[in-house]
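For reference, the chains in residue letters:
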Amino acid sequence: MAQLWGGRFTKETEDKVYQFNASIGFDARLVKADINGSIAHVTMLARQQILTDGEAELICEGLRGILKDVLEGKLEITSEYEDIHSFVEAVLTERIGQAGKKLHTGRSRNDQVALDMKMYLRDEVRAIDSALGTLIQTLMKLCEENLDTCMPGFTHLQKAQPVTLAHHLGAYTEMFLRDRSRLDDLYRRMNTCPLGAGALAGTTYPLDRELTAKLLGFDRPTRNSMDSVSDRDHVIELLSALSVVMAHLSRFSEEIILWNSNEYRFVEIDDAYSTGSSIMPQKKNPDIAELVRGKTGRVYGALMQMLTTVKGLPLAYNKDFQEDKEFTFDAVDTVKDCLELFEGMIRTMRFNRKVMERSAQSGFINATDAADYLVRKGVPFRDAHSVIGRLVLKCIEMNISLDELSLEQYREECGAFDEDIYDAISLRTCVEKRNTEGAPGPEQVRKMLRLQREEAALLDAHFKDRS
Ligand code: ARG
């Protein structure tokens, strides 16, 4: 057992208590953030003449050595330490002697761990944003290639009206752009530095909190020391944003599973992203899409866990906060994996354009257009709706599509029909005429793509400034 306290204790901690209390098993991944935070802290302590330049140099040198050794696998973070902070301080003191014991001057593990989590999560937000950026690029490329690929648009999972594949995919680009903008937004809010808040009430040393904030790339120091050590809003906001990312990925996965099914055949997932069955030799399963859909619950779970942990906690630090880590780390890992695999899956997926177009030919998805045709000929919409409804019924009985009715058959229902009905309800016309802002007409989809590109570039620029 190696811990940072013990002076006022007369007994050893019960073994089970020590294990229950320890966080080294999961906070080891904060090592880089912890050491970089300490280097900034010590640099500031020297500038403020709280430590001598010589001491600070020795400590920083030692800290850099520890980080290097850990990253290179030469130094193992073992469970004999209570947490990552104790590990670093113990190894430092072992390596450089007395000066190591001065590292923690004017600091508490409470502000230290708040800082570590923010620094660690900032990196993760950047990585997730970048993975979203890659996915969006892939989607925009697919959009570009499919401006004219007609397919049925669905409501209630029933064929409804004609759209294009570009338009359908563009809807997901919108979702992922909103996800990026949520990350952008929460990053801005979380980027304040808690270092110097101490245990809860600051310290009596003349710390320069502006300096440490600046050294560590924060916009400013936090404003209230009690809030600093007990604020986990950024974790909640991040998990909430990640839950929405997963909701989007899950919906998209569900569509791909449907589209890849024997009944739809709209797409074929590449062999590299499919798996087989141990018993049915013919099977090629969309496991990646199913797993992405399935892993959504883990991330929602992390959000619920964090909200519940924070609920009812009095100011300021409480040990409960230690529970902000495991689920959050799992959620972050899960989202990164899902984004990467999902992007690869759709990048390598084959779109069966012919099947999509053929599917759009059936199912009366041009019925609204036929009704609108009558409206243009002066028939009130409600009457037009019922005329087309009767014609659809007729078609169903004869097992044909609206395009296959003769002009006489049209006229039996309504005298307003002319030869131009066929052009008005052809699939191409139906898509091309849908030119209201945001509609599937190619002109509008091109505009959507341009605006999406602009927004993606803006987000790229925001995150580039932060790296
Ligand atoms: N492992 C602790 C955590 O994750 C570090 C802070 C400990 N602070 C304390 N007062 N025991 O929150």
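Since this is a predicted model, take the numbers as computed values, not measurements.

## A word on the overall build of the protein chain
Move 1: Check the secondary structure of the protein chain and you find 19 helices and six strands.
Move 2: Since a compact globule built from 467 residues should have a radius of gyration of about 23 Å, the 30 Å found for the protein chain marks it as more spread out than a globular shape.
Move 3: Dimensions of the protein chain along its principal axes, counting C-alpha atoms only, are 100 × 50 × 40 Å.
Move 4: Within the protein chain, the fraction of its 467 residues that count as buried is 51%.
Move 5: Nonlocal contacts in the protein chain, meaning residues at least 24 apart in sequence, comprise 74% of its contacts between residues at least 6 apart.

## Re the site of the ligand
Move 1: Taken together, the residues surrounding the ligand are Ser23, His85, Arg109, Asn110, Val113, Tyr317, Gln322 and Lys325.
Move 2: Within the side chain of tyrosine 317, a nitrogen or oxygen atom sits 2.5 Å from an oxygen atom of the ligand.
Move 3: Contact between the ligand and lysine 325: an oxygen atom at 2.5 Å from a side-chain N or O atom of the residue.
Move 4: Look at the ligand: alone it shows 340 Å² of surface, and the protein chains cover 85% of it.
Move 5: For the shell around the ligand, the element with the most residues is helix α6 (residues 109–145), which contributes three residues.
Move 6: The residue makeup of the shell around the ligand, split by class, is two nonpolar, four polar and two charged.

## What to know about the pattern of salt bridges
Move 1: All chains considered together, the criterion is met by 37 salt bridges.
Move 2: For arginine 29, the salt bridge identified is with aspartate 333, shortest N-O distance 2.8 Å. Residue arginine 29 is located in the loop between α2 (24–27) and α3 (31–47), and its partner aspartate 333 is located in helix α12 (residues 326–348); the two are separated by 304 residues in the primary sequence.
Move 3: Looking at arginine 29, the relative accessible area reads 34%, which means it is partly exposed.
Move 4: For aspartate 324, the salt bridge is made with lysine 325, and the minimal N-O distance between the two is 2.9 Å.
Move 5: Owing to a relative accessible area of 0%, aspartate 324 belongs among the buried residues under this scheme.
Move 6: For lysine 325, a relative accessible area of 3% corresponds to the buried category.

## Some details on a nonpolar patch on the surface
Move 1: Where nonpolar side chains cluster on the molecular surface, the patch consists of Leu200, Met226 and Leu315 and spans about 270 Å² of accessible area.
Move 2: Looking at the element boundaries, methionine 226 is found in helix α9 (residues 225–230).
Move 3: Of the residues examined, methionine 226 reaches a relative accessible area of 34% and is grouped as partly exposed.

## Some points on the packing of aromatic side chains
Move 1: Per the counting criterion, the structure on display carries twelve aromatic pairs.
Move 2: Summarising the aromatic geometry, the rings of tyrosine 120 and phenylalanine 329 are spaced 5.1 Å apart at their centres and angled 70° between planes, so their arrangement reads as edge-to-face. Separated by 209 residues along the polypeptide, tyrosine 120 in helix α6 and phenylalanine 329 in helix α12 bring together distant segments of the chain. The exposure classification of tyrosine 120 matches that of phenylalanine 329, with both residues buried.
Move 3: On the numbers, 4.6 Å between centres and 40° between planes, the contact of tyrosine 410 with phenylalanine 417 is tilted. Both residues of the pair, tyrosine 410 and phenylalanine 417, count as buried.
Move 4: Of the aromatic side chains, those joined through ring pairs into one cluster are Phe154, Trp259, Tyr264 and Phe266.
Move 5: Cation over ring: arginine 466 sits above phenylalanine 463, and NZ or CZ is 4.8 Å from the ring centre.

## Focus on the nonpolar core
Move 1: By size, the foremost hydrophobic cluster in this structure holds 98 residues, and its most contacted members are Ile59, Phe87, Phe176, Leu183, Leu249, Leu339 and Phe342.
Move 2: Beyond its immediate chain neighbours, meaning those up to four positions away, isoleucine 59 contacts Val42, Leu51, Leu92, Ile96, Ala99 and Leu103.
Move 3: Core analysis: the next-biggest nonpolar cluster, separate from the first, contains 22 residues, Ala370, Ala371, Tyr410 and Phe417 among them.

## Description of unusual backbone geometry
Move 1: Here the bond from leucine 315 into alanine 316 is cis, since omega is -5°, no more than 30 degrees from zero.
Move 2: By secondary structure assignment, the location of alanine 316 is in the loop between α11 (287–310) and α12.
Move 3: In the Ramachandran plot, histidine 156 falls in the positive-phi region, its phi being about 55° despite a non-glycine side chain.
Move 4: Tracing the backbone shows histidine 156 in the loop between β1 (150–155) and β2 (158–164).
Move 5: Relative accessible area serves as the criterion here: at 74%, histidine 156 is assigned to the exposed category.
Move 6: One non-glycine residue, asparagine 399, lies in the positive phi region at around 55°.
Move 7: Mapped onto the fold, asparagine 399 is located in the loop between α15 (381–398) and α16 (407–413).
Move 8: For asparagine 399, a relative accessible area of 71% corresponds to the exposed category.

Criteria and cut-off values
Residues numbered from 1 in each chain as written. Predicted model: local features only at pLDDT ≥ 70, side-chain atom pairs only at ≥ 80, totals over all residues. Heavy atoms only, no water. Helix = DSSP H or I, 4+ residues; strand = E, 2+ residues; numbered from the N terminus. Rg over C-alpha atoms; globule rule 2.2 N^0.38 Å. Buried < 20%, exposed > 50% of the residue type's maximum accessible area, 1.4 Å probe, protein only. Contact = heavy atoms within 4.5 Å. Near = heavy atom within 4 Å. Polar contact = N/O pair within 3.5 Å; in protein donor to acceptor, adjacent residues only side chain to side chain. Areas by Shrake-Rupley, 256 points an atom, 1.4 Å probe, with all protein chains shown as cover. Nonpolar A, V, L, I, M, F, W, Y, C, P; charged D, E, K, R; others polar. Salt bridge = Lys/Arg side-chain N within 4 Å of Asp/Glu carboxyl O. Patch = residues over 30% accessible without salt bridge, like charges linked within 9 Å, V, L, I, M, F, W, Y side chains within 5 Å. Phe/Tyr/Trp six-rings, centres within 6.5 Å; stacked < 30°, edge-to-face > 60°. Lys NZ or Arg CZ within 6 Å of the ring centre and 35° of its normal. Core = buried A, V, L, I, M, F, W, Y, C linked by side-chain atoms within 4.5 Å.

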